[in-house]
There are 2 protein chains.
Amino acid sequence: MGSGYVTLEQVARHAGVSLATASRVLNGSTRHVGRSLHERVTASAHELGYLANASAQTLARNTSSLVGLIVHDIADPYFSSIASGVTRTAEDEGLVVVLGTTGRTPQRELELLATLRSHRARAVVLAGSRTIEEETTRRLADEITALGARGGRIACVSQEGLPADTVVPSNRDGAAELARHLIGLGHRRFALLAGPNNLRTARDRLDGFHSALSAAGIELDPRNVVHGAFTRDGGYESTRRLLSAETDATCLFAVNDVMATGAVAALRDGGLQVPRDMSVAGFDDIPTLRDLTPGLTTVRLPLEWMGEEAARLALDDDEHTEPRTVPVSGEVVVRASTAPPADA
Amino acid sequence: MGSGYVTLEQVARHAGVSLATASRVLNGSTRHVGRSLHERVTASAHELGYLANASAQTLARNTSSLVGLIVHDIADPYFSSIASGVTRTAEDEGLVVVLGTTGRTPQRELELLATLRSHRARAVVLAGSRTIEEETTRRLADEITALGARGGRIACVSQEGLPADTVVPSNRDGAAELARHLIGLGHRRFALLAGPNNLRTARDRLDGFHSALSAAGIELDPRNVVHGAFTRDGGYESTRRLLSAETDATCLFAVNDVMATGAVAALRDGGLQVPRDMSVAGFDDIPTLRDLTPGLTTVRLPLEWMGEEAARLALDDDEHTEPRTVPVSGEVVVRASTAPPADA
DNA sequence: CGAACTGCGGAAAATGTTTTCCCGACCTCG
DNA sequence: CGAGGTCGGGAAAACATTTTCCGCAGTTCG
């Protein structure tokens with residue numbers, strides 16, 4: 001049947017009760033309704049096939065059941081892992097996730113935030129990694145406070161510095177520890193696939209790696225640091241450039257796993273063997289990439305858990321004046337893509 | 001300042017015009033508003049920081065800007081590729097995607113559909129693959145007609161048989177063509193990772209493969225057909241079982257790439273080399289898995305495009321009495337994971 | 001036995017928009 | 001100059017709920 005619109009009023013009339021009573025029965029309320037009326041209402045609702053109008057409820061209650069999730073690219077396994085965690089917590093709470101993708105443009109991120117605000121989203125998880133530009137960060141902070149002025153709460157993954165709760169992976173320390181491991185293997189000449197110049201996550205990992213090198217008294221040849229897109233193809237492309245510049249590096253660190261994947265492909269296409277001719281390491285430990293051959297040495301982040309936790313932060317409505325921070329430590333995972341250098 | 005709620009009424013009062021005029025200026029309308037008032041309203045709106053309340057608009061217009069997307073598991077690259085396509089079209093149209101995950105339970109799928117209906121979603125893309133059970137299919141069909149009775153349109157990816165537009169990959173033909181290629185390599189004894197018994201996609205691929213074998217006069221040893229989860233670990237597990245049963249197969253077909261990935265890992269852990277000791281083929285050509293070694297022979301589906309197309313079908317509001325079907329052909333991609341059998 | 005309280009039901013206001021009427025002003029054409 | 005038309009503006013109804021307030025009955029307590 002389902003001929004269209006069954007409203008609460010029709011249900012109330014059919015059951016011979018008032019709108020108020022029907023509302024109290026069918027959607028939660030603090031108040032009790034007598035047994036007989038209660039049954040009459042549920043029976044009518046079922047018979048007519050009543051389904052509450054979510055917009056009307058949102059309007060009347062002035063709070064929705066929507067949780068926003070903003071990522072750069074949902075096809076990127078890094079983000080889809082986080083998304084998986086976010087949806088899990090949200091759905092466990094009976095909420096619905098609205099997904100926005102930025103395509104890595106800060107402008108789009110602001111638009112999405114405004115859209116979510118206009119939908120009265122109860123919470124938002126911002127998983128896109130921030131750029132280092134002042135201007136956009138400032139406008140983002142404005143949007144966030146605007147959203148906070150309504151009931152909406154927001155949580156970020158991976159970027160401190162915004163006025164919001166944040167799940168912060170140890171990009172710096174993880175990369176440093178990875179670097180120490182690689183140094184321990186005997187490597188002294190490193191190449192770095194640094195990703196985009198303005199991405200904070202990329203910068204932090206780079207910094208961490210770099211500082212560990214410095215601490216060990218290792219110089220980094222600037223020609224061995226190459227910037228490019230934060231994607232598989234970006235990694236491939238950057239590695240090609242390294243090779244055509246005849247790099248002297250024995251070990252290559254890509255700031256994330258997907259770039260490292262591209263790097264391995266480029267090395268292979270260039271006739272080099274991993275790890276015999278070049279060791280390769282990444283960051284993230286993307287589940288889908290764990291079956292690569294050789295297995296990628298990387299820094300494991302619990303991505304799904306980070307998504308879950310961010311959603312929890314955003315949903316939990318405790319009072320807290322200061323933005324909270326949940327640190328997440330990365331664990332170095334050693335696999336076959338790294339080995340002592342040939343000349344060691 | 002964004003101290004909270006700025007309503008259209010406040011804007012109207014601030015600009016000294018009626019609610020109607022303010023509405024016509026700020027949100028589209030067929031009617032024109034005089035130049036001076038127009039400017040006054042936009043100025044006031046900007047000054048006060050007005051942002052329309054989406055629920056109120058949905059309620060008044062009786063149509064929302066939401067597009068539903070239902071998948072089994074957003075962390076699965078198959079679904080995240082499709083999701084990427086869906087979000088792209090939706091966002092191009094200025095719409096917002098709400099994402100629901102079923103965890104592969106049909107019951108949850110129905111719940112999500114009801115939720116989306118209650119939100120007056122303008123369109124829904126159903127990407128989860130259907131089971132073969134009559135009962136759930138029937139109830140799903142009911143939900144779909146209920147949604148259609150409102151303005152909502154729905155489109156499916158991959159499963160014909162529901163009263164909705166569908167993007168249909170050639171699971172059967174693709175698998176058959178793949179089988180013919182493998183037979184051409186000289187294989188005669190095949191093992192099949194069949195996935196879950198009740199999943200239509202899995203069944204169709206299996207059927208296609210099987211029919212090509214039959215056509216070539218090849219018998220399939222039932223002990224070489226093993227069922228398991230539609231996941232990487234399912235593939236791993238199933239392959240272990242094959243190996244411990246001392247399969248005589250020379251070529252293994254997994255009904256999707258993620259299972260094939262698990263299979264390759266299990267073979268390697270079992271001391272077998274791919275393709276020397278066993279050829280392996282999959283289905284889908286998941287982008288993230290293209291860098292596997294050896295490269296996986298598979299059937300390529302344009303997953304992102306399929307998502308885009310499904311969203312287009314669901315959004316396009318032409319009249320059409322019959323459900324439409326968009327066939328998508330898969331292309332066999334030969335890579336290094338398959339080779340002639342050792343005894344050929 | 002009356003006053004205060006409690007439990008349950010309904011009327012109606014409130015939520016923030018869109019949209020349908022209606023009305024007045026101006027314009028055009030016969 | 002008047003009839004008919006268009007154009008721009010506003011009042012108010014509609015949209016589907018929730019929630020506040022009011023009142024009635026029955027109960028309890030002093």
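Quick note: structure is the one above.
The rules behind these values
Residues numbered from 1 in each chain as written. Chains lettered and ligands numbered in written order. Predicted model: local features only at pLDDT ≥ 70, side-chain atom pairs only at ≥ 80, totals over all residues. Heavy atoms only, no water. Contact = heavy atoms within 4.5 Å. Buried area = accessible area lost by both parts, 1.4 Å probe. Salt bridge = Lys/Arg side-chain N within 4 Å of Asp/Glu carboxyl O. Helix = DSSP H or I, 4+ residues; strand = E, 2+ residues; numbered from the N terminus. Nonpolar A, V, L, I, M, F, W, Y, C, P; charged D, E, K, R; others polar. Core = buried A, V, L, I, M, F, W, Y, C linked by side-chain atoms within 4.5 Å. Buried < 20%, exposed > 50% of the residue type's maximum accessible area, 1.4 Å probe, protein only. Pairing = 2+ DSSP bridges. Axes fitted to C-alpha atoms, helices over the stretch in contact; angles between N-to-C directions. Near = heavy atom within 4 Å. Polar contact = N/O pair within 3.5 Å; in protein donor to acceptor, adjacent residues only side chain to side chain. Parallel < 35°, antiparallel > 145°, perpendicular 65-115°, else oblique. Left-handed = near helix turned anticlockwise from the far one by under 90°.

Q: What am I meant to see in the interface of chain A and chain B here?
A: Interface size, as often reported, equals the accessible area lost upon joining of the parts. Each side of the interface is counted separately: chain A has 51 residues, and chain B has 51 residues. Of the roughly 4,400 Å² buried between chain A and chain B, counting both surfaces, carbon and sulfur atoms make up 55%. The interface formed by chain A and chain B includes four salt bridges. Across the salt bridge formed by Asp291(B) and Arg232(A), the nearest N and O atoms sit 2.7 Å from each other. Elements represented by at least two residues in the side of chain A that touches chain B include exactly α4 (54-61), α5 (77-92), β2 (96-101), α6 (106-118) and α11 (257-269) of chain A. A per-class count over the side of chain A that touches chain B returns 22 nonpolar, 19 polar and 10 charged.

Q: Explanation requested: the nonpolar core in the structure shown.
A: Nonpolar side chains tend toward joint burial in soluble globular proteins. Counting residues in each nonpolar core, the largest one holds 148 residues, and the members touching the most others are Phe190(A) and Phe190(B). Not counting the four nearest positions on each side in its chain, Phe190(A) is found in contact with Leu182(A), Ile183(A), Phe209(A), Leu213(A), Ile218(A), Leu220(A), Asn224(A), Ala249(A) and Cys251(A). Core analysis: the second largest hydrophobic core is formed by 37 residues, Val98(A), Cys156(A), Val96(B) and Leu113(B) among them.

Q: Would you mind going over the sheet that holds strand β6 (residues 190-195) of chain A with me for this structure?
A: To summarise the sheet geometry, strands pair through backbone hydrogen bonds and adopt either a parallel or an antiparallel arrangement. Residues and elements named next belong to chain A. Taken together, four strands build an open sheet; the order of strands is β7-β6-β8-β9 and the sheet is parallel. Strand pairing shows two members of the sheet lacking a second neighbour, β7 (225-227) and β9 (279-281), which therefore form its edges. Averaged over all pairs of adjacent strands, the angle between their axes in this sheet comes to 15 degrees, without regard to strand direction. Note that β6 and strand β8 (residues 251-254) share four bridges and pair parallel. Note on β8: the bridge partner recorded for Leu192 is Phe253. On the sheet, helix α9 (residues 200-215) packs against β6 and β8 and is oriented at approximately 160 degrees with respect to β6.

Q: For this particular structure, what's the right way to read the environment of Val33(A)?
A: Residue and element names in this part refer to chain A. One can find Val33 in the loop between α2 (19-26) and α3 (35-48). Since its relative accessible area comes to 16%, Val33 is described here as buried. Leaving out residues up to four positions away in the same chain, Val33 has contacts with Thr21, Arg24, Val25 and His38.

Q: I would appreciate a short explanation of the protein's contact with DNA strand C in the present structure.
A: For DNA strand C, the set of nearby residues contains 29 residues, the closest of which are Thr21(A), Arg31(A), Gly34(A), Leu8(B) and Ser23(B). Within the contact set of DNA strand C, a base nitrogen lies 2.3 Å away from a side-chain nitrogen or oxygen of Arg31(A). Gln57(B) is positioned with one of its side-chain polar atoms (N or O) 2.8 Å from a phosphate oxygen of DNA strand C. Looking at the surface near DNA strand C, the elements that each hand over two or more residues are α2 and α4 of chain A together with α2 (19-26) and α4 (54-61) of chain B. Of the residues forming the surface near DNA strand C, the biggest block, five residues, is contributed by α4(B). Residues belonging to the surface near DNA strand C are distributed by class as follows: 15 nonpolar, nine polar and five charged.

Q: Explain the packing of helix α10 (residues 232-244) of chain B against helix α11 (residues 257-269) of chain B to me, please; I cannot follow it from the model alone.
A: For any two helices packed against each other, the geometry comes down to the angle between their axes and how far apart the axes lie. Residues and elements named next belong to chain B. One can describe the packing of α10 onto α11 by two numbers: an axis separation of 6 Å at closest approach and a directional angle of 45 degrees. In terms of orientation, α10 lies oblique with respect to α11. When the axes of α10 and α11 are compared, the crossing they make is right-handed. Contacts from Arg232, Gly235, Tyr236, Thr239, Arg240 and Leu243 in α10 reach Val258, Met259, Thr261, Gly262, Ala263, Ala265, Ala266, Leu267 and Asp269 in α11. When its residues are assigned to classes, the contact of α10 with α11 shows eight nonpolar, four polar and three charged.

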